[in-house]
Amino acid sequence: MSEHNHHHAAKKSCCQVEPVKPCCGGGHHHDPDVKPTAGAKFFCPMCPGVESDRPGDCPKCGMALERNPATAPAEKTVYTCPMHPEIERDEPGDCPICGMALEPKTVLMPDDGGDLERMRKKLWIAGPPALALLFLTMGEMVPFLRMREWLPGNLSGGMQMVLATPVVWAAGDFIFTRAWHSLRNRSLNMFTLIALGVGAAYLYSVVALAMPGLFPHTHGHGTPLYFEAAAVVTALVILGQWLEARARGKTGEAVQALLQLAAKTARRVVDGNEQDVSLEDVRIGDVLRVRPGEKIPVDGVITEGASTVDESMITGESMPVAKKGGDPVTGATINQTGAFLMTAERVGSETLLSRIVQMVAEAQRSRAPIQRLADQVSGWFVPAVVVAAILTFASWMLWGPGLALAISCAVAVLVIACPCALGLATPMSIMVGIGRGARNGVLVRDAASLERAEKITHLVTDKTGTLTEGRPVVREIVTTQADEEDHVLAIAAALERLSEHPLAHAIVSRAEVKQLSISKVEGFQSVTGAGVLGKIGGVLVRVGSRSWLESEGVGIHPAMVDQARALQEKAHTVIWISESDSVSGYIAVADPIKNSTPAAVGKLHAMGLKLVMLTGDNPQTAQAVGRELGIDDVRAELTPAAKLGIIRELKAAGAVVAMAGDGINDAPALAEADVGIAMGTGTDAAIQSAGIILAKGDLLGIVRALELSRDVMRNIRQNLFFAFIYNALGVPLAAGLFYPISGWLLNPMIAGAAMALSSVSVITNALRLRREN
């Protein structure tokens, strides 16, 4: 039976944080009565009352002020790229690989800042002039809007340049900045292509407007200009960036929803006085009062009072859990019926909710192995597009009608071929999928685990705490004398209360529930592998296995043995009790199978998985559980090393193995498996060894995790298909390959719209994952 170990954060001595200067020539002595207030960051260990919010020397004795161990130093914000998480910077900026705006790794509450707000402002700058340019130039198609017929000379061209210049160079400045960075870092990306296309269209138009004689005229209308294409493409790029930033915000809604669960304040009790304080001011060891209906502020232990707590935000289980003195409580869960006092044990980033939020955020930034395909394609794609644009320009100059069409087609190729959709295909699906998993109690440590989970062929699972509840209970009490059940239970509980055997707790708990009087034991002894004995009221009582009692001369009727064997075949453990040399009866204890396990086993089999159960329990009990659930392969009496060996054996045979467990003894096997799945109710060692953690520890969580993996990988493949097909069809069309046959040409503005819509289509497809179950 596994227990969830709570590890307290180790408190460093102030000596370990700041160097200490001698005071008056003396050594370094701490006054145990000096207790710095929780709000002070630095204090003097020698002079009570000397506190400061910054390091320095004590004004009284000259000693170096030391950091208050109850306050944590502020962490530096690290910025990373949502598509290239290996890029980390100490300040905001653009990714040197893809040009996207860097985002903080630390999970923050949503606000109106960042790339979304910046792109919104730029859209307001670029939108009106771009629309005016469209009206000015596209009006040529409408007889009464033909501006050139009533605007004198080059006034139309001058108006176009005036309108296009702020769009291209003010609103679109980031395009050229990111393109320059891509050239300087030798990492060509979408902004390289856009800057080349927009810059070429704008500069050509300026030269053509200033020196029209250098270029041929077209259809008697003078030299064609592309100010409107440069401006509209820039505006469309800004629109696409704004839509992407907005969509990326939606992918993080699951994390933001988790953050919203946290309480905002806590009620701290000091010397009998209560005071509402901000959650950031709560320190380890603080005594907090939680009233009915309030959220529990931090992780801790109840010290006074009792209540029921709604823990559904962690476990997904709507049934409230009874809590009493000494029981742990978790921050952000909801207190329901009673008020209680608690001691804070984990605060700030150490609370379970904070660790879940950070784990989900880090997993969303991790890279799936399938991303390598997109990276390899993108690495060759941009240079290939530049070559394609050059060849397009040269071909139309040599065999086409002239310069205007050559420039138009080359710019269209550069714009429509931007690999933004290809770059977004994998990370968007990963972010949305992992967020969906978090809402459903499936915490994914990294994207690689999510991808590997799709290929699993064998699910290896522990028994205790995974298939079963992990909390043995008394199922049956059989006695040799009628109406002696309470007596047999009471004497067994008296001895088992002094025992450390995992099944002892079940017997003692049943006696406590029945409020039986438990006698004092004299001469208690524990016999390893056999049982316990001692005298109760001068009578020698033995509690243990049948073979041990019989070796001690206790006779047991064969009919009783047969009855007990039938229970053992149903996964019950039988504990015999004797008084003097006569058997008094036995107690059958069983670890009940979780209610959700049979349905989950059926679903896992339907998904094509083979189930293997590994347990340290005895073969009889293990086989009984295996038969009841329909487990394909049952292995019993295994050590942690033996479990590890079986995982390696299955992998060597070509199986893709997932291991599910919750105990310390499962940690090596969890680490060795292709995918380790830990029950969130298990030990920290098991959780740290796993790639997927289930907040509610049952097999249905594994079903949800595997379904999530399959949905995410299918979504990624759809996105990659959309991106590849889009570029495969778009580039030839933009280059004008279909013009000689069908007369189809792609205006650079239409290419810009198509480029923006391709990214939006990939993001929209990824966001569908939020609605799937």
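Overview of the structure. Bear in mind that the values here come from a model prediction, so they are computed numbers and not experimental data. (Residues numbered from 1 in each chain as written. Predicted model: local features only at pLDDT ≥ 70, side-chain atom pairs only at ≥ 80, totals over all residues. Heavy atoms only, no water.)

For any pair of aromatic rings, the description rests on two quantities: the centre-to-centre distance and the angle between the ring planes. Evaluated as defined, the whole model comprises five aromatic pairs. Aromatic pair Tyr 202 and Phe 227: ring centres 5.5 Å apart, planes at 75°, arrangement edge-to-face. Here Phe 227 lies in helix α5 (residues 227–251) and Tyr 202 lies in helix α4 (residues 190–210), a separation of 25 residues in the sequence. With a relative accessible area of 0%, Phe 227 lands in the buried category. Through a chain of ring-to-ring contacts, three or more aromatic side chains come together here, namely Trp 169, Phe 176, Tyr 202 and Phe 227. (Phe/Tyr/Trp six-rings, centres within 6.5 Å; stacked < 30°, edge-to-face > 60°. Helix = DSSP H or I, 4+ residues; strand = E, 2+ residues; numbered from the N terminus. Buried < 20%, exposed > 50% of the residue type's maximum accessible area, 1.4 Å probe, protein only.)

Attention now goes to the sheet that holds strand β5 (residues 88–89). If you walk across this open sheet you meet the three strands as β5-β4-β6, and the pairing is antiparallel. One side of each edge strand has no neighbouring strand; the edge strands of this open sheet are β5 and β6 (103–104). Relative to β6, strand β4 (residues 79–80) is paired through two bridges, and the arrangement is antiparallel. The residue bridging Thr 80 from the neighbouring strand is Glu 103, located in β6. (Pairing = 2+ DSSP bridges.)

Attention shifts here to the sheet that holds strand β12 (residues 321–323). In spatial order, the strands read β12-β11-β14; together these three strands make up an open sheet with antiparallel pairing. At either end of the open sheet lies a strand with only one pairing partner, and these are β12 and β14 (334–335). Sheet topology places strand β11 (residues 307–310) next to β14; two bridges connect them, and they run antiparallel. Considered in β14, the bridge of Val 309 is made with Asn 335.

Here we come to the pattern of salt bridges. For the structure on display, the rule yields 23 salt bridges. Glu 274 serves as the salt-bridge partner of Arg 291, at 3.3 Å between the closest nitrogen and oxygen. Taken together, the residues Arg 291 in the loop between β9 (287–290) and β10 (299–305) and Glu 274 in strand β8 (residues 273–278) connect sequence positions 17 residues apart. A residue is classified by how much of its surface remains accessible, and Arg 291, at 37% relative accessible area, is partly exposed. Overlapping salt bridges bring together Arg 267, Glu 274, Asp 276, Arg 289, Arg 291 and Glu 294 as one network. (Salt bridge = Lys/Arg side-chain N within 4 Å of Asp/Glu carboxyl O.)

Our next topic: unusual backbone geometry. Although it is not a glycine, Gln 515 adopts a positive phi angle of roughly 55°. Following the sequence through the fold, Gln 515 ends up in the loop between α14 (504–513) and β19 (522–527). Positioned with a positive phi, Ser 580 is a non-glycine residue whose angle comes to about 55°. Counting through the fold element by element, Ser 580 comes out in the loop between β22 (573–579) and β23 (582–590). Among the residues examined, Ser 580 registers a relative accessible area of 39% and is labelled partly exposed.

Taken by themselves, the reported measurements are silent on function.
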